Amino acid sequence: MNITRRIHLNPQSKGNLGKSFEIEFRTAWLDLHGVPWNGSDLDDRHHTFASRHPDAVRSYQLGNTQESKTALLTLFRRVLKDTAPVHVIDTRAQADALIVTALEELQVLDICAEQGVRLTFFLFPTDDTESMTNVGRLLLYAGDRVDYVIVHNPAKSRGDLFKGSPLERQFIEFGAKAITLPAITPTTLLAAEKAESIAKRGLSFAELSHPEAEHLERLLAGEIQWAMQKMFRQYDAIGDLLLPTDLVPKQSVVATNVATLSPQPELNFEER
Amino acid sequence: MNDEPTTQLVRTGGGRAYHSRLEPFVDFIREQRQRRQTWKEIAESLRSEKGCSVTLQGVHQFYRRFVLRSRKPHWETQPPLNPETADRKSVLASTPQERPFRRPAADDLSLNNPLIV
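What you see is a predicted model, and the numbers here were worked out from it, not measured in a lab. (Residues numbered from 1 in each chain as written. Chains lettered and ligands numbered in written order. Predicted model: local features only at pLDDT ≥ 70, side-chain atom pairs only at ≥ 80, totals over all residues. Heavy atoms only, no water.)

**Student:** When you look at the packing of helix α2 (residues 39-50) of chain B against helix α3 (residues 56-70) of chain B in this model, what are you seeing that I'm missing?
**Tutor:** When two helices pack together, you describe them by how their axes are tilted relative to each other and by the distance separating the axes. All names here are of chain B. At a minimum axis distance of 8 Å, the contact between α2 and α3 shows a crossing angle of 100°. Looking at the two axes, α2 sits roughly perpendicular to α3. Touching Trp39, Lys40, Ile42, Ala43 and Leu46 of α2 are Leu56, Val59, His60 and Tyr63, all from α3. Within the contact of α2 with α3, the residues separate by chemical class into seven nonpolar, one polar and one charged. (Axes fitted to C-alpha atoms, helices over the stretch in contact; angles between N-to-C directions. Helix = DSSP H or I, 4+ residues; strand = E, 2+ residues; numbered from the N terminus. Parallel < 35°, antiparallel > 145°, perpendicular 65-115°, else oblique. Contact = heavy atoms within 4.5 Å. Nonpolar A, V, L, I, M, F, W, Y, C, P; charged D, E, K, R; others polar.)

In structure tokens:
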């Protein structure tokens, strides 16, 4: 299948996993490679994504089951008419059932496939059994109709339920690739929040990484820069799951899979 | 004995519709049955009151067929089709097509058991 466009979606039920955090690195990576993108923010409580990228991201109210279907119908109609090669969707917590229901009832996966659009699901292993069961259901529902990126976030979860489990093996079999989020100090994160408060608007991580913009102290901006670099290397390695076929950088063909992760200095010894 | 070779009858359909001569008396027969009359008594009533001579078996078999037939819709009892709707070609509804795709077996999606060290 020649993929002409990509839709990135993180349809996971649990909150506080680092979904919006990860998106900041991903969109910065897209900008770095000059890949045009736009996005949708389905987190109607925080709207973090839209506030940080007001020119590129549109906000939606998911609401209840019926309202969410209407919102997602509007969203996917817009996305399918759009020409940007990548569309990034940030969802709120507890929305996985709404999203899967809408995907199924609106036949989104089949219609996207007809138009050369492929979805990539970003899934975050947690230590919560219910959340991980939902992840399994997502794989069961979508199968090989979408691509999967497993996002490990050691700051939020050890991933003991997932690592080495039959579920992880199934994801590998279905072509999933893994990345690991860097752990950023609470000091830098708090300073970023304070900078947003002072600026009276959301600040993207890309903006925060520039010390000359003086949103953050040099030392703290440096930590963001380090995290960016760490994530960019990983995105380069899984570019074939993030981009349309024509835009995939050559080197990303040789990508790591879930089982062969690069060293992660933020983990303890003997942790994968 | 008929020595002539038998000829194969060709079913052509159509022809004049058959009607039992008891059909005009259906209501009469029903009324009699509801009064707990026997088939023999009904046959006599038909002959004496309606001038329709028939055996008790004839009445019984006719009425049994009538009751069985009335349970199902029958072309003779249906209202005539409106020619406009009869000629209309209906558009059949389209439903989502089954597109095969690969998915894992549900049994293969288990997680690690944290109780096992």
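Still to come is the rest of the account.
**Student:** I'm lost on the pairing of strand β1 (residues 5-9) of chain A in this one. Help?
**Tutor:** Along a regular strand, successive side chains alternate from one face of the sheet to the other. Residue and element names in this part refer to chain A. Among the five residues in β1, five count as buried, and that is most of the element. Of the two faces of β1, the one holding Arg5, Ile7 and Leu9 and the one holding Arg6 and His8 are both buried throughout. Examined bridge by bridge, β1 and strand β5 (residues 117-123) share five bridges and lie parallel to one another. The partner of Leu9 across the bridge, within β5, is Phe121. (Buried < 20%, exposed > 50% of the residue type's maximum accessible area, 1.4 Å probe, protein only. Pairing = 2+ DSSP bridges.)

**Student:** Honestly, the interface of chain B and chain A in this entry has me stumped. Any pointers?
**Tutor:** Reports of interface size often rely on the accessible area that becomes lost once the parts have come together. Taken together, the contacts link 14 residues of chain B with 25 residues of chain A. Interface of chain B and chain A: buried area, both sides summed, is about 1600 Å²; carbon and sulfur atoms make up 58% of it. Joining chain B to chain A, the criterion identifies three salt bridges. Measuring nitrogen to oxygen at the nearest pair gives 3.8 Å for the salt bridge that ties Arg99(B) to Asp110(A). In terms of residue class, the side of chain B that touches chain A is made up of eight nonpolar, two polar and four charged. (Buried area = accessible area lost by both parts, 1.4 Å probe. Salt bridge = Lys/Arg side-chain N within 4 Å of Asp/Glu carboxyl O.)

**Student:** Help me understand the packing of helix α4 (residues 96-105) of chain A against helix α6 (residues 129-142) of chain A in this model?
**Tutor:** All names here are of chain A. Running from N to C, α4 and α6 point in directions that differ by 5°, and their axes come no closer than 12 Å. Considered as vectors, α4 and α6 are oriented roughly parallel to each other. Contacts between α4 and α6 involve Asp96, Val100, Leu103 and Glu104 from the first element and Asn134, Leu138 and Tyr141 from the second.

**Student:** Would you take a moment to explain the confidence of the model for chain A for this structure?
**Tutor:** In low-pLDDT segments, the atomic positions of the prediction should not be examined closely. Looking at chain A as a whole, the pLDDT averages 88, with 92% of positions reaching at least 70. Here residues 252-272 of chain A is modelled with pLDDT under 50, and outside its nearest four sequence neighbours on either side it reaches 44 contacts, counting other chains as well. (pLDDT = per-residue confidence, 0-100.)

**Student:** What is the right way to look at the pairing of strand β7 (residues 177-180) of chain A in this model?
**Tutor:** Residue and element names in this part refer to chain A. Burial along β7 is two-sided: Lys177 and Ile179 facing one way and Ala178 and Thr180 facing the other are all buried. Sheet analysis places strand β6 (residues 147-152) next to β7, joined by four bridges and oriented parallel. Bridge pairing in β7 links His152 to Thr180.

**Student:** What is the right way to look at the pattern of salt bridges in this model?
**Tutor:** Applying the stated criterion across every chain, the model contains 15 salt bridges over all chains. Between Arg26(A) and Glu22(A) there is a salt bridge; the shortest N-O distance is 2.6 Å. Within this pair, Arg26(A) and its partner Glu22(A) are both found in helix α1 (residues 19-32), separated by four residues, close to a single helical turn. The class for Arg26(A) is buried, based on a relative accessible area of 1%. Several salt bridges share partner residues, and in doing so they unite Asp110(A), Glu114(A), Arg145(A) and Arg99(B) into one network.

**Student:** Would you mind showing me how to read the packing of aromatic side chains here?
**Tutor:** Geometrically, a pair of aromatic rings is defined through the distance of the ring centres and the angle of the planes. In the structure shown here, the tally under the stated rule is 11 aromatic pairs over all chains. Between Tyr148(A) and Phe171(A), the ring centres sit 5.2 Å apart and the planes meet at 75°, which makes this aromatic pair edge-to-face. Taken together, the residues Tyr148(A) in strand β6 and Phe171(A) in helix α7 (residues 166-173) connect sequence positions 23 residues apart. Looking at Tyr148(A), the relative accessible area reads 0%, which means it is buried. Ring centres of Trp39(B) and Tyr63(B) lie 5.9 Å apart, and the angle between their planes is 50°; this geometry places the pair in the tilted category. Here the residue Trp39(B) occupies a position in helix α2, and Tyr63(B) occupies one in helix α3, the gap between them amounting to 24 residues. (Phe/Tyr/Trp six-rings, centres within 6.5 Å; stacked < 30°, edge-to-face > 60°.)

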